[in-house]
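Take a look at the letters that make up each chain.
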Amino acid sequence: PRFRVVLLYQNHYPRSREHFLIPSPPRQSHPFGGLGLNRWELVEEMLAESSFMTEIGITTAGPMNPKESASASIAGALRGNTNLTDLHQRQAFNTAIQAIQSAVQDQRLYSGPGPNRRITGRIDPGNHNALYQDHWQPLMELFNSRRRNAVRTDQVIQQLMNVGNTNRPIVNINLARRTQNTSGVQWNDRIRNIIIHQILSDLERAAERAYQGNQSLNTMVVIDEAHRLAPGREADVDDDYARRIRARLADSARTTRKYGLGWMFISQSLASMSTDIIRQTRIQFFGHGLSMGSELSSLNELVGGDRHNISLYSSFKDPESAFSAESREYSFMVAGPVSPLCLTATPMFLSVYNDPETFLRKNHRKFPNAQPGLLPR
């Protein structure tokens, strides 16, 4: 049976390069700025990381964790007065200001008079228009399901994971920064990480539900530039949600295989990737470009330190050094159960076809209905 793919990637893939050897399934492409959220608990988390809190004078300094307290007060007041889709409207903003005023009055954020006077000055009615237009509305647009071209993350996951649908889509989610500021929505790296973590959590929950219902998702998650989401060093993880993403990816690579949810991590660097994740991947393909310094050391460790294997890998030619596209050679060292030598822990070496027409000619019995002349090089 066919499996379906959700692809998280950092760069734009032109549509002209998308081609399939099977009847084309539906495809969905979502810029990151076009995703919408639908959970109240995320309202608190988004508020705590937003410029709105900073602008009204609430920082993390203080024994009562003022940002968390203020976010909880606002979310609690909003939950009983509005719905998620309307959080971007002025009425919801007014409710939020009233919640902050009440928290300041009761000294639930700061006990000293100085910080409370600062907040009171910042939320003065004369500042309301700027606060609403520049900080509140752009943040709460994330929850506006009526926003133009917006699609909720839970809807994306539901369509992808509906195992009863024989024509499930291939889903592309573009994480590139240039796609995040096109829809009047507030973005920063911490908010971006909250949403990525939410997508990964939804994927894992959907997989668990399917497994409990004796169904297999038969789905693969492909993450390009994976070292950005799962860096190798703890020092490269700069906030709590980035650490959660790294930990969740490592755990998912280890545990979700039984649910029918697989993972493919693509990276130009081994040394920059989490070793926990690399070791959980059953099949590993190594192309040209890992022959120096820390990259070579990481590769040597992964393939058992056999100098003959490393020597053969180091002989791979750079495809870009060829005189023409037709003469480029793409060589790989492959480790894992894809190799007939896997029982001896010996990697397999191969070169792949460099254009789809040659591949189809050599495999015409496997793909008798394919039309090579229509496939782009």
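Reading the values: the criteria
- Within each chain, residues carry numbers counting from 1 in the order of the written sequence.
- Local features are withheld for residues below a pLDDT of 70 in this predicted model, meaning they are given only at 70 or higher, and side-chain atom pairs are given and counted only at 80 or more; totals for whole chains, interfaces and linings count all residues.
- Side-chain descriptors were evaluated using all non-hydrogen atoms of the structure, hydrogens and water having been removed beforehand.
- Note on method: axes are straight lines fitted to C-alpha atoms, helices fitted across the in-contact stretch only, with angles between N-to-C directions ranging 0 to 180 degrees.
- Secondary structure elements are taken from DSSP: a helix is a run of H or I of four residues or more, a strand is a run of E of two residues or more, and numbering for both begins at the N terminus.
- Rotating anticlockwise by less than a right angle from the far helix to the near helix defines a left-handed crossing, while the corresponding clockwise rotation defines a right-handed one.
- Here, two residues are considered to be in contact whenever any of their heavy atoms come within 4.5 Å of each other.
- In this classification, the charged set is Asp, Glu, Lys and Arg, the nonpolar set is Ala, Val, Leu, Ile, Met, Phe, Trp, Tyr, Cys and Pro, and all remaining amino acids, among them Gly, are polar.
- Along the chain, pLDDT gives the predictor's confidence residue by residue, from 0 to 100.
- Here, expected helix span is obtained from the residue count minus one, scaled by 1.5 Å.
- Think of it in three bands: residues with accessible area under 20% of the maximum for their type are buried, residues over 50% are exposed, and the middle band is partly exposed, with areas taken using a 1.4 Å probe on protein chains only.
- Working definition: roughly parallel below 35 degrees, roughly antiparallel above 145 degrees, roughly perpendicular at 65 to 115 degrees, and oblique for all remaining angles.
- Salt bridges are defined by distance alone: a side-chain nitrogen of Lys or Arg within 4 Å of a carboxyl oxygen of Asp or Glu.
- Strand pairing is defined by DSSP finding a minimum of two bridges between the two strands.

### Describing the packing of helix 7 (residues 153–161) against helix 8 (residues 189–212)
Relative orientation and spacing of two packed helices are given, respectively, by the angle between their axes and the distance between those axes. Remark: helix 7 packs on helix 8, axes separated minimally by 10 Å, with the N-to-C direction vectors making an angle of 35°. Along this stretch, helix 7 crosses helix 8, giving a crossing that reads as right-handed. Where helix 7 approaches helix 8, its residues Thr153, Ile157, Leu160 and Met161 are matched on the opposing element by Ile199, Asp202, Leu203 and Ala206. Residue composition of the contact of helix 7 with helix 8, by class: six nonpolar, one polar and one charged.

### With respect to the confidence of the model for the chain
Across the chain, pLDDT averages 82, with 85% of residues at or above 70. Confidence, read as mean pLDDT per element, is least for strand 1 (residues 4–9) in the chain (55) and greatest for helix 4 (residues 90–105) (95). Note that residues 12–22 has pLDDT below 50 and, in this model, 22 contacts with residues that lie over four places away or in other chains.

### Examining helix 4
The end-to-end C-alpha distance of helix 4 is 23 Å, a good match for the 22 Å that 16 residues give at a rise of 1.5 Å each. When helix 4 is considered as a whole, its buried residues turn out to be Ala92, Phe93, Thr95, Ala96, Ile97, Ala99, Ile100, Ala103 and Val104. Positive backbone phi, approximately 55°, marks Gln107, located one or two places after helix 4.

### Quick look at the packing of helix 11 (residues 293–302) against helix 12 (residues 307–314)
Two elements in contact, helix 11 and helix 12, have axes separated by 10 Å at closest approach and are oriented at 135°. When the interaxial angle is binned, helix 11 and helix 12 end up oblique. Here helix 11 and helix 12 pass one another in a crossing that is right-handed. Residues Leu296, Leu299 and Asn300 of helix 11 pack against Ile310, Tyr313 and Ser314 of helix 12.

### Notes on the pattern of salt bridges
A pair can form between side chains of opposite charge whenever their charged atoms are brought close. Here the structure, examined in full by the defined rule, presents 11 salt bridges. Between Arg190 and Glu49 there is a salt bridge, and its shortest N-O distance comes to 2.3 Å. With Arg190 in helix 8 and Glu49 in the loop between helix 1 (40–48) and helix 2 (51–55), the pair connects residues that are 141 residues apart, well separated along the chain. In this structure Arg190 comes out as partly exposed when scored by relative accessible area, which is 32%. Where salt bridges share partners, they join Arg39, Asp202 and Arg205 into one cluster.

### A word on the sheet that holds strand 9 (residues 330–335)
What the three strands build is an open sheet, ordered 8-9-10; its pairing is antiparallel. Since the sheet does not close on itself, it has two edges, and those belong to strand 8 (284–286) and strand 10 (348–352), each with one partner. Sheet twist, expressed as the mean angle between neighbouring strand axes with direction ignored, is 30°. With three bridges connecting them, strand 8 and strand 9 associate as antiparallel partners. In the sheet register, Phe285 faces strand 9, and the bridge partner there is Val334. Helix 12 rests against strand 8, strand 9 and strand 10 of the sheet, and its axis sits at about 10° to strand 10.

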